[in-house]
Amino acid sequence: QIEQCMASRKMKMVSFETKTISLYQSIVTTYKLADLLELLISKLPDFGIESFFFSLFDESDKRTKYAVLKAAYNTKSIVRKFDNVKKYKSYQLIPAEYKDMFDNHQIYIVLPLNFKDIPLGFIVFGTPVLSDFYGPIYEVIRGLISSSLQSASDLRDLEKTQSQLEQKAKEANDANLAKTQFLRNMSHEIRTPMNAIIGFTEAIEDEKDNKKRNKYAAII
């Protein structure tokens, strides 16, 4: 029986390692939040997780008082995904209207998501059993999700910076075009009367008749 238990545990560990590697390979190449939610919904059931709720702290006030539900999943009901902006108080963990997605027989596990002491949000797992074997699963998943969230945040910041740089470059280019057009117009507006002034000045120098010279001077 001991050998059978050890063999069974070893098989579970091999299966866990295989699934974890697959999850890792998928997450490290995921840079957008929507893609991450899709990935979690497709991968987490493989680990025996029956339901989960994924929430991020509200970014508008940079605090942890409020959270926004981004995804909810239950194997017994439909998959629900959100591009949600509705805030709820973080200590509730799950908005009241979605608590019926948890089975009363499930164990709730709440894992904070953070990166370098920066709180990002949290994920609530529902599982029918809890043992020492499952401990590493949740810790690995938490770490992978936190890293992916930070990567997604870094990408958003990079895209925002890139967009700002492109806008600044466009403004600089527009200003340069406006300056060039202004100088072109001014050059034309100055050159035309200058030609007339120079022409009549030369005419005055060559003209002997005082009346005509006075006329040219008046035109100038």
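These lines cover the structure that appears in this document, whether it is placed above or below.

A closer look at the nonpolar core
Thought 1: Within the largest apolar cluster, 29 residues are counted, with the highest numbers of intra-cluster contacts made by Phe52, Phe54, Ile123, Phe125, Ile141 and Leu149.
Thought 2: Counting residues per element, the ones that place at least two in this core are helix 1 (2-27), helix 2 (33-43), strand 1 (51-57), strand 2 (66-74), strand 5 (107-115), strand 6 (118-127) and helix 3 (135-206).
Thought 3: For Leu149, the residues in contact, after removing those within four places along its chain, are Leu33, Leu36, Phe54, Leu56, Leu113 and Leu120.

Examining the environment of Lys19
Thought 1: Residue placement: Lys19 occurs in helix 1.
Thought 2: When the C-alpha positions of Lys19 and Lys86 are compared, they lie 33 Å apart, and in sequence the two are 67 residues distant.
Thought 3: Look past the residues within four positions of Lys19 in its chain and what remains in contact with it is Asp46 and Phe47.

As for the environment of Thr201
Thought 1: Within the fold, Thr201 resides in helix 3.
Thought 2: Of the residues examined, Thr201 reaches a relative accessible area of 32% and is grouped as partly exposed.

Thoughts on the pairing of strand 2
Thought 1: Most of strand 2 sits inside the fold, with 8 of its 9 residues counted as buried.
Thought 2: Relative to strand 2, strand 1 runs antiparallel, the two sharing 7 bridges. Counterpart to Ser55 in the pairing with strand 2 is Leu69.
Thought 3: By the bridge criterion, 3 bridges tie strand 2 to strand 4 (residues 87-89) in an arrangement that is antiparallel. Across the sheet, residue Ala67 finds its bridge partner in strand 4, namely Tyr88.
Thought 4: Of the pairings in the sheet, the one linking strand 2 to strand 3 (residues 80-81) comprises 2 bridges and is antiparallel in character. From the neighbouring strand, Ala72 faces strand 3, where its bridge partner is Arg80.

Quick word on a nonpolar patch on the surface
Thought 1: On the surface, Phe182, Leu183, Met186, Ile190, Met194, Ile197, Ile198 and Ile220 cluster together into a nonpolar patch covering about 710 Å² of accessible area.
Thought 2: Note on placement: Met186 falls in helix 3.
Thought 3: Exposure remark for Met186: the relative accessible area of 35% places this residue in the partly exposed category.

Structural notes on the pattern of salt bridges
Thought 1: Following the criterion strictly, the structure yields 2 salt bridges and no others.
Thought 2: Put simply, Lys86 and Glu97 hold a salt bridge, and the shortest N to O gap is 3.6 Å. Taken as a pair, Lys86 in the loop between strand 3 and strand 4 and Glu97 in the loop between strand 4 and strand 5 lie far apart in primary sequence, 11 residues in all.
Thought 3: Using a relative accessible area of 53% as the deciding quantity, one classes Lys86 as exposed.
Thought 4: Since its relative accessible area comes to 45%, Glu97 is described here as partly exposed.

What counts, and where the lines are drawn
- Residues numbered from 1 in each chain as written.
- Predicted model: local features only at pLDDT ≥ 70, side-chain atom pairs only at ≥ 80, totals over all residues.
- Heavy atoms only, no water.
- Core = buried A, V, L, I, M, F, W, Y, C linked by side-chain atoms within 4.5 Å.
- Buried < 20%, exposed > 50% of the residue type's maximum accessible area, 1.4 Å probe, protein only.
- Helix = DSSP H or I, 4+ residues; strand = E, 2+ residues; numbered from the N terminus.
- Contact = heavy atoms within 4.5 Å.
- Pairing = 2+ DSSP bridges.
- Patch = residues over 30% accessible without salt bridge, like charges linked within 9 Å, V, L, I, M, F, W, Y side chains within 5 Å.
- Areas by Shrake-Rupley, 256 points an atom, 1.4 Å probe, with all protein chains shown as cover.
- Salt bridge = Lys/Arg side-chain N within 4 Å of Asp/Glu carboxyl O.

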